[in-house]
Protein chains: 2
Amino acid sequence: MKEIRLGLLGFGTIGTGVVKLVTQNASLLEDKLGARLIMKRVADLDITTDRGVALAPGVLTSNAHELLDDPEIDIVIELIGGYEPAKSFVLRAIENGKHIVTANKALLAVHGGEIYAAAARKGVEVLYEAAVGGGIPVLSAIKGNMAANNFTTVLGILNGTCNYILTKMTQEGADFGAVLKKAQELGYAEADPTFDIEGIDTAHKLCILLSLCFGTSIDFKDIHTEGICSISAIDINFAREFGYKIKLLAIGKRDGERIEARVHPTMIPVNYPLADVDGAFNAIRLTGDFVGPVMLYGRGAGMEPTASAVVGDVVEISRNILAGIGRRTAPLGYLDGRIRTLAIKPIGEIVSKYYLRFSVMDKPGVLAKIAGELGRYSISIESMIQTARSAQESVPIVIMTHEAREMDVRQALTAIDSFDFIREKSNLIRIEDNLE
Amino acid sequence: MKEIRLGLLGFGTIGTGVVKLVTQNASLLEDKLGARLIMKRVADLDITTDRGVALAPGVLTSNAHELLDDPEIDIVIELIGGYEPAKSFVLRAIENGKHIVTANKALLAVHGGEIYAAAARKGVEVLYEAAVGGGIPVLSAIKGNMAANNFTTVLGILNGTCNYILTKMTQEGADFGAVLKKAQELGYAEADPTFDIEGIDTAHKLCILLSLCFGTSIDFKDIHTEGICSISAIDINFAREFGYKIKLLAIGKRDGERIEARVHPTMIPVNYPLADVDGAFNAIRLTGDFVGPVMLYGRGAGMEPTASAVVGDVVEISRNILAGIGRRTAPLGYLDGRIRTLAIKPIGEIVSKYYLRFSVMDKPGVLAKIAGELGRYSISIESMIQTARSAQESVPIVIMTHEAREMDVRQALTAIDSFDFIREKSNLIRIEDNLE
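Residues numbered from 1 in each chain as written. Chains lettered and ligands numbered in written order. Predicted model: local features only at pLDDT ≥ 70, side-chain atom pairs only at ≥ 80, totals over all residues. Heavy atoms only, no water.

*Asks:* What is the right way to read the state of the cysteines from this model?
*Replies:* Two cysteines, two sulfur atoms, one covalent bond between them: this is a disulfide. Evaluated as defined, the whole model comprises zero disulfides over all chains. Considering cysteine sulfurs only, Cys213(A) is the nearest to Cys207(A), which forms no disulfide, with 12 Å between them. (Disulfide = S-S within 2.5 Å.)

*Asks:* Whenever I open this one, empty space enclosed by the protein confuses me. Can you help?
*Replies:* One water molecule sets the probe size; rolling that probe over the atoms shows where empty space is left. This structure, assessed with the given rule, holds three cavities of 30 Å³ or more. Approximately 620 Å³ is the volume attributed to the largest cavity. Lining the largest cavity are 37 residues, with Gly144(A), Glu316(A), Arg328(A), Glu316(B) and Arg328(B) sitting closest to its centre. Among the elements that line the lining of the largest cavity, the one with the most residues is helix H12 (residues 303-322) of chain B, at six residues. The residue inventory of the lining of the largest cavity, partitioned by class, reads 12 nonpolar, 11 polar and 14 charged. Roughly 40 Å³ of internal volume is contained in the second largest cavity. Leu28(A), Asn149(B), Asn150(B), Phe151(B), Cys213(B), Phe214(B), Arg254(B), Tyr334(B) and Arg340(B) together form the lining of the second largest cavity. Of the residues assigned to the lining of the second largest cavity, the class counts are five nonpolar, two polar and two charged. (1 Å grid on protein atoms, 1.4 Å probe; cavity = no way out; pocket = protein on both sides within 12 Å on 5 of 7 lines; lining within 4 Å. Points joined across faces, edges and corners; volume = space filled by probe spheres on them. Helix = DSSP H or I, 4+ residues; strand = E, 2+ residues; numbered from the N terminus. Nonpolar A, V, L, I, M, F, W, Y, C, P; charged D, E, K, R; others polar.)

*Asks:* Help me out: how do you make sense of the packing of helix H1 (residues 13-24) of chain B against H12(B) in this one?
*Replies:* When two helices pack together, their arrangement is given by the angle between their axes and by how far apart the axes lie. All names here are of chain B. Closest axis-to-axis distance for the H1/H12 pair is 8 Å, and the angle between their directions is 65°. It follows that H1 is roughly perpendicular to H12 by the angle criterion. The two elements H1 and H12 cross, and the hand of that crossing is right-handed. Residue-level inspection shows Thr 13, Ile 14, Thr 16, Gly 17, Val 18, Lys 20, Leu 21 and Val 22 of H1 in contact with H12, the latter providing Met 303, Glu 304, Thr 306, Ala 307, Ser 308, Val 310 and Val 311. Class assignment of the residues belonging to the contact of H1 with H12 gives a composition of eight nonpolar, five polar and two charged. (Axes fitted to C-alpha atoms, helices over the stretch in contact; angles between N-to-C directions. Parallel < 35°, antiparallel > 145°, perpendicular 65-115°, else oblique. Left-handed = near helix turned anticlockwise from the far one by under 90°. Contact = heavy atoms within 4.5 Å.)

*Asks:* Whenever I open this one, the sheet that holds strand E6 (residues 126-127) of chain B confuses me. Can you help?
*Replies:* Across a sheet, strands are paired by hydrogen bonds formed along the backbone, either parallel or antiparallel in direction. Residue and element names in this part refer to chain B. Reading across from one edge, E3-E2-E1-E4-E5-E6 is the order of the six strands in this open sheet, with parallel pairing throughout. Of all the strands in the sheet, the pair left with one neighbour each is strand E3 (60-61) and E6. Of the strand pairs in this sheet, strand E1 (residues 2-9) and strand E4 (residues 75-78) are connected by four bridges, and their pairing is parallel. Along E4, the bridge assignment pairs Leu 9 with Glu 78. Across the sheet, H12 is in contact with E1, strand E2 (35-43), E4, strand E5 (99-102) and E6; its angle to E5 comes to roughly 165°. (Pairing = 2+ DSSP bridges.)

*Asks:* What is the right way to read the relation of the copies chain B and chain A from this model?
*Replies:* One copy of the chain maps onto the second through a rotation around an axis plus a translation along that axis. In screw terms, the move from chain B to chain A is a rotation of 180° and a rise of 0.0 Å along the axis, fitting with an RMSD of 0.0 Å. These values place the two chain copies in the arrangement generated by a two-fold rotation axis. Across chain B, the smallest distance between a C-alpha and the rotation axis is recorded for Leu296(B), namely 2.3 Å. When you check the interface residues of chain B against chain A, 100% turn up at the interface there too, and the contact is symmetric in its surfaces. (Least-squares fit on C-alpha atoms with pLDDT ≥ 70 in both.)

*Asks:* Just to check I follow, could you spell out the confidence of the model for chain A for this structure?
*Replies:* Predicted coordinates in areas of low pLDDT are best not read in detail. Across chain A, pLDDT averages 95, with 99% of residues at or above 70. Per the prediction output, this complex has pTM 0.96; the corresponding ipTM is 0.95. (pLDDT = per-residue confidence, 0-100.)

*Asks:* Which parts of the structure should I look at to understand the side chain of Asp196(A)?
*Replies:* Residues and elements named next belong to chain A. If you trace the backbone, Asp 196 turns up in helix H9 (residues 194-197). Separated by 2.7 Å, the side chains of Asp 196 and Asn 159 make a polar contact. When sequence neighbours within four positions are dropped, the list of residues in contact with Asp 196 reads Asn 159, Thr 161, Cys 162, Glu 190 and Asp 201. (Polar contact = N/O pair within 3.5 Å; in protein donor to acceptor, adjacent residues only side chain to side chain.)

*Asks:* When you look at the environment of Glu226(A) in this model, what are you seeing that I'm missing?
*Replies:* Residue and element names in this part refer to chain A. Structurally, Glu 226 is set in the loop between strand E8 (224-225) and helix H11 (233-241). Note: C-alpha distance between Glu 226 and Ile 197 (29 residues apart in sequence) is 8.8 Å. Apart from residues lying up to four places away in sequence, Glu 226 is in contact with Glu 198, Gly 199, Leu 248, Val 263, His 264, Pro 265, Arg 410 and Arg 430. At 2.8 Å, the side chain of Glu 226 forms a polar contact with the side chain of Arg 430.

Written out as structure tokens, the structure is:
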């Protein structure tokens, strides 16, 4: 029986899942490919720890070049993560004519262009389904059966750690710090959770989604990124009162020759399917000009779901190899040379509805002053909550606005925050509630 | 620039959408293919009606053979629907070495095996994403990136007409007949809605999903199929009281070397994402051994979403043609000759929880007699609602059971329905609430 020879870079959790899947479902894969997937080499600095999966003797090595330079290996699976040495290894493998499967969103978000160009020169495939949404087959859907659509909007809940934290805060009314600590104890959050809770991981994934949906190269630094640290239980409770849930949303929108690309906590109506995406689950909601809105939902991380996406990519490339062709589709689904560069709209120019929370000293005329400033910047109020009077400490005033320009909202908040009756910096959360 | 020549059979709503899409998004498709999709021939018996889309002169013909036998045509798109002449046309096109794209679920559910065998002999592709879930890219996901999974369960809301009717009944408390009439006036239901409301259309789609998920040939007649006509407002209201919604669900489960394959109204918990799939939307929830649960959601019908799926298939086949290969993947994703034949478990052998509604004359001892019969067939009661006494007419008794064998439940109902205090045939609705 024909063989497809794999080289695996990085024998951590996901790598272990890949070995487990290729072993456990070998006969299924043979039924579908008519070929055997052989794990020829696995490279990792740690060659002693027992991962609980069987590797043939001599397969595991601490020298990545034994794999990158092995002429018998057809497909290199990169699961090291991070920028280096992952980037050098991937470029070297491409140089040696190997197809690439990777789950490395950071690498592709920042160095995708260079890697795709190298792959184009050598005529090899670069697939990376596992880089976004874990096991959810969203990237292959965009490049595949939905390819005939001009996409207008993509929204994503893409980080399981943030979604777990926000879900717990919503369910238990707990505050951010407490839930984060719990999440770290349970292993749902890293010891250093910065990449997750600051929204950087989500922005990496949005960058990849945007390049696929809009056929554009993106400068990762231009994506406006806010994390969830500023979300408090009080905001979540007010959101509930107004019929919303707060999610860390990746938002991409096409606006003529420009796009919106932003990651921030967002209020969405409780009756949206996206609002039901809780805990460690991820979801991506795309809108195409013909298909309309489509949502894909599943486990956004974890050894087995991610391995499913990685091996799924291996299956696709294997089908090409077995059909006797090298590259069938360019990494972004667009031909090399057909990638645009759409400018990202500055955050100040976006138009959105806003949730505004002011912490004020409770005295007469305060609301009038706030409303006056909002009016001066042509921000109109949709609804408002002012809680009961209390002589001592500050009280919250919450205002939901109609659509307004972010620049105007920020200027109004700056003006309002300079009033003497303002007790702490005012809080802003954007709202998405006018989806098709 | 290279050209891929298409032949379209059936110039109805979907066919019009396909022509519209290929025209409107031509430059996008060129950016992705580096080739032009040419609608070379469109065959329909009606060559006079203006569909509002432009066709080059001489393209439209009433003679399908001008298309089937045109050696220049690469891909034949079959949108006639039904068994004949669709089947003869598809087989003729395959015989002539053309790749097939079809949206015809009835044809594939009943004659799929014969068509796939013919395609295997000629080495051509048969793609049919539009046959299930309209624009939702579920079939390509099963064959593509999720291919490495052994699937255990597939659940689907697959018929927009039924889902629209059940949604309206749920929202407005209206009865089936009234909502169906409204749906027909609004064009959401056919003048003869039998195929939809009897569950036959859903069973056709389940048949296709099962063959892809489990790599098995299915005898369509063996799928247990119930429609929604027996659902009344009273059942929907009781469902709500217990925290459930009623959906027409297509259910497929792997159980060793047998599968469950059934279509019937089903109660699902209101907090399941599937419960939020309302109106004309469809959703498919798959569970794979590695990916876990994945749900895909979108528009299940309509000109534009369905055209998106059809042209998506055309894009996939075009990529093969442009790469210089004929067939890349077999129609079911499994190699020819690797298709099993898993037996379908008789409905009497399935195990489920049940909602049972009895219409009884209100007199002492009734509940004891019903509970006694259920106990005799080892059916244990999870919860129960008995409404207030009323001397005159019959009153409902509603019982939610723990897991029980369908055969036992039916025998118990037959025994209970023979009691003199039973006013009308007792009603049974199955419950799905133990999903991973």
